[in-house]
Amino acid sequence: MLDRALHGAAMPVANATSSYWMDKPPYPEVNLNQKPLPEIADYVIIGTGLTGLAATRTVLEISQDQHTEMPLRVVALEARDVCAGATGRNGGHIKSTPHKDFAVLKEVLGGSADKARDTLRFMRSHVDMLKEVGREVPLGEVRDVETVDLFMDEKGFEKAKGLVDDLKANVPEIEVNVWSGQEAGQKFGTNDAIAGAVSYTAGAAFPFRLVTGAWKALVDKYPELVLLSNTPVERISIAQYSAQHPYAVQTPKGTVRTRHVLHATNAYTPNLVPRLRSSLTGGRGCMTAQDGGTDFPETHGNRSWSIVYEPGFDYVTQRPDKCGRPGDVMVGGGFRSTKENGLDLLGVWDDSERDEQPLEHVRGIMSTVFKPNWGGGDSPTAGGVKKDWTGIMGFTGDALPFVGPLPQNISERTNPYPGADVPGIQGSGEWIAAGFNGHGMVWSWLSGAAAAIMMAGKEEENLPKVPGRPAGTLDSWFPRDVVALDEERLKRADLKKLDERL
């Protein structure tokens, strides 16, 4: 895995597997590329998933009071179609597992319960923030759900109960319910494969439609915004004799010189920042859309599940009912079911391929846990897979993302001009929001917004509440010190630690 990670970082492939979420796109105009690549920009944002969208939206919102001779020039670039990366391929689960996440955060943050608590609250705030964005894009299906972790072995269930007790002692506002195996069967319709369950609140969405709908609204609202799909960034360099716009962003459609660059490409970031190869890598995940049939317990899209076993877990959501019929069941996981316990899926950036063992695992896991309450009815797909695909997640060695300024010693691009590393339109620099460790739905949106606030030099301002973003100064809601990138953080995030964890 380490050898692949250190030598194999790549751009997204052109022939990716076809994602269910991207079928029949309702906003195809976001890929029309109605404007050419300009020669000059103030901000270039690479990536158009949740992170890039949040960053673009935020920098446009908070920069309207910057009185300049020209409108703010923002360019958003995507290697494939808009939102064709991880956001358009995931499980639609806006879920933090609070008891487990609190324990992991305490461990990686040196035992600090305070930092772990603040970071967990930040992660969980994504449900409400994305619901606010979802009100603007109803097709995004953003909603609250009751989520339940189903444990297939007694040891894992007992460990989870201990973590729940610790969570309740430290973050008492989070309500978590514990169910025996028998109680889980009665409440959730599971069979005796389940030793016990833990339930709490989370969220779910149709992420591709949410993001593409919000992009359309941005393009319609801000005529100065240039959104270009199928425009991969091939290289970033320092432009000669261009003090105000020192970064030359090269694409097949030409080169744009800009003041600031934001890397919002998650697993693909090391392709343009090679020093990150030792601390951020790609991992291929398996996703399916399945038909629960008439026997599957009715939830009307208001419940989600995780199926937990040694050594891994699977994640499941169900779309809301449509035309009186239950929504499709979105099942992903099986990452640890491979011959190398998942290590062979790390250091991988190619989502044109499928992996047989994870796919076979997720094909059968719902029947294993819910039978006889799975399948049934006259649909030819009842109890089976309607579509499967893969996607690339970004993993760091310390299980935390990188968000904030990208130091020159890490980008390995020396900006010699006055104003280097100064935010806003008076300066220039590189920035990053990447490495979400398979939990992008509870990290990426507000991380993109936070990166934009820092990039625009507004982190000390008491910004007003807007849909999708909290009020206040940045540090009042964003755990900046937890995710900042410097040489020490690079060492803590070394991928050797990820290898050891697995």
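A few points on the structure. (Residues numbered from 1 in each chain as written. Predicted model: local features only at pLDDT ≥ 70, side-chain atom pairs only at ≥ 80, totals over all residues. Heavy atoms only, no water.)

As for the overall build of the protein
So, step 1. Along its length, the protein carries 14 helices and 17 strands.
So, step 2. Whereas a compact globule of 502 residues would reach a radius of gyration of roughly 23 Å, the protein reaches 22 Å, a difference of no more than 12%.
So, step 3. Seen through its C-alpha atoms, the protein measures out along the principal axes to roughly 70 × 50 × 45 Å.
So, step 4. The proportion of buried residues among the 502 residues of the protein is 58%. (Helix = DSSP H or I, 4+ residues; strand = E, 2+ residues; numbered from the N terminus. Rg over C-alpha atoms; globule rule 2.2 N^0.38 Å. Buried < 20%, exposed > 50% of the residue type's maximum accessible area, 1.4 Å probe, protein only.)

Here's the deal with the environment of G332
So, step 1. Looking at where G332 falls in the secondary structure, it is placed in strand β14 (residues 329–332).
So, step 2. A relative accessible area of 0% means that G332 is categorised as buried.
So, step 3. Taking C-alpha positions, G332 is 5.8 Å from D314, a pair spaced 18 residues apart along the chain.

Things to note about the nonpolar core
So, step 1. Among the nonpolar cores identified, the biggest contains 86 residues, and W215, W445, W477 and F478 are the most heavily contacted of them.
So, step 2. With nine residues, helix α11 (residues 444–455) is the single largest residue contributor to this core.
So, step 3. Setting aside anything within four residues of it in sequence, one finds W215 in contact with V30, T48, G49, G52, L53, T56, A76, V82, L225 and L227.
So, step 4. In terms of nonpolar packing, the next biggest core, distinct from the first, is built from 26 residues, A41, I46, V261 and I410 among them. (Core = buried A, V, L, I, M, F, W, Y, C linked by side-chain atoms within 4.5 Å. Contact = heavy atoms within 4.5 Å.)

As for the packing of helix α2 (residues 50–62) against α11
So, step 1. The N-to-C vectors of α2 and α11 enclose an angle of 40°; their axes lie 7 Å apart at closest approach. By the criterion of interaxial angle, the relationship of α2 to α11 is oblique. Between α2 and α11 lies a crossing of right-handed hand. Of α11, the residues touching α2 (which contributes L50, T51, L53, A54, A55, R57, T58, V59 and I62) are S444, W445, G448, A449, A452 and I453.
So, step 2. Split by residue class, the contact of α2 with α11 holds ten nonpolar, four polar and one charged. (Axes fitted to C-alpha atoms, helices over the stretch in contact; angles between N-to-C directions. Parallel < 35°, antiparallel > 145°, perpendicular 65-115°, else oblique. Left-handed = near helix turned anticlockwise from the far one by under 90°. Nonpolar A, V, L, I, M, F, W, Y, C, P; charged D, E, K, R; others polar.)

Notes on the environment of S96
So, step 1. Relative to the assigned elements, S96 resides in the loop between β3 (93–94) and α3 (98–108).
So, step 2. A relative accessible area of 4% means that S96 is categorised as buried.
So, step 3. Beyond its immediate chain neighbours, meaning those up to four positions away, S96 contacts D101, L120, M123, R124, Y200 and V442.
So, step 4. Separated by 2.7 Å, the side chains of S96 and D101 make a polar contact. (Polar contact = N/O pair within 3.5 Å; in protein donor to acceptor, adjacent residues only side chain to side chain.)

Points about the packing of aromatic side chains
So, step 1. Under the definition given, this model contains 14 aromatic pairs.
So, step 2. Look at F122 and W443: their rings are 5.3 Å apart centre to centre, the planes differ by 55°, and that puts the pair in the tilted class. Here F122, found in helix α4 (residues 113–124), pairs with W443, found in the loop between β17 (429–434) and α11; they are 321 residues apart in sequence, far enough to count as distant.
So, step 3. On the basis of relative accessible area, W443 is assigned to the buried category, the value being 3%.
So, step 4. Members of the aromatic cluster, joined through ring pairs, are Y20, W21, F206 and W389. (Phe/Tyr/Trp six-rings, centres within 6.5 Å; stacked < 30°, edge-to-face > 60°.)

Concerning the side chain of S444
So, step 1. Summarising the element assignment, S444 is placed in helix α11.
So, step 2. The class for S444 is buried, based on a relative accessible area of 4%.
So, step 3. Within polar-contact distance, the side chain of S444 engages the backbone oxygen of G440 at 2.6 Å.
So, step 4. Residues contacting S444, with those up to four places away along its chain left out, are L50, T51, H126 and F436.

Concerning the pattern of salt bridges
So, step 1. A complete count under the given rule lists 35 salt bridges for this structure.
So, step 2. In this structure, the salt-bridge partner of E146 is K187, at a minimum N-O distance of 3.9 Å. Of this pair, E146 sits in strand β4 (residues 143–151) while K187 sits in helix α7 (residues 181–188), placing them 41 residues apart in sequence.
So, step 3. A salt bridge links R354 to D388; the shortest N-O distance between them is 2.4 Å. In this pair, R354 sits in the loop between β14 and α9 (356–370) while D388 sits in strand β15 (residues 385–396), placing the two residues 34 residues apart along the sequence.
So, step 4. On the basis of relative accessibility, which here comes to 44%, the residue R354 falls in the partly exposed class.
So, step 5. We classify D388 as buried; its relative accessible area is 14%. (Salt bridge = Lys/Arg side-chain N within 4 Å of Asp/Glu carboxyl O.)

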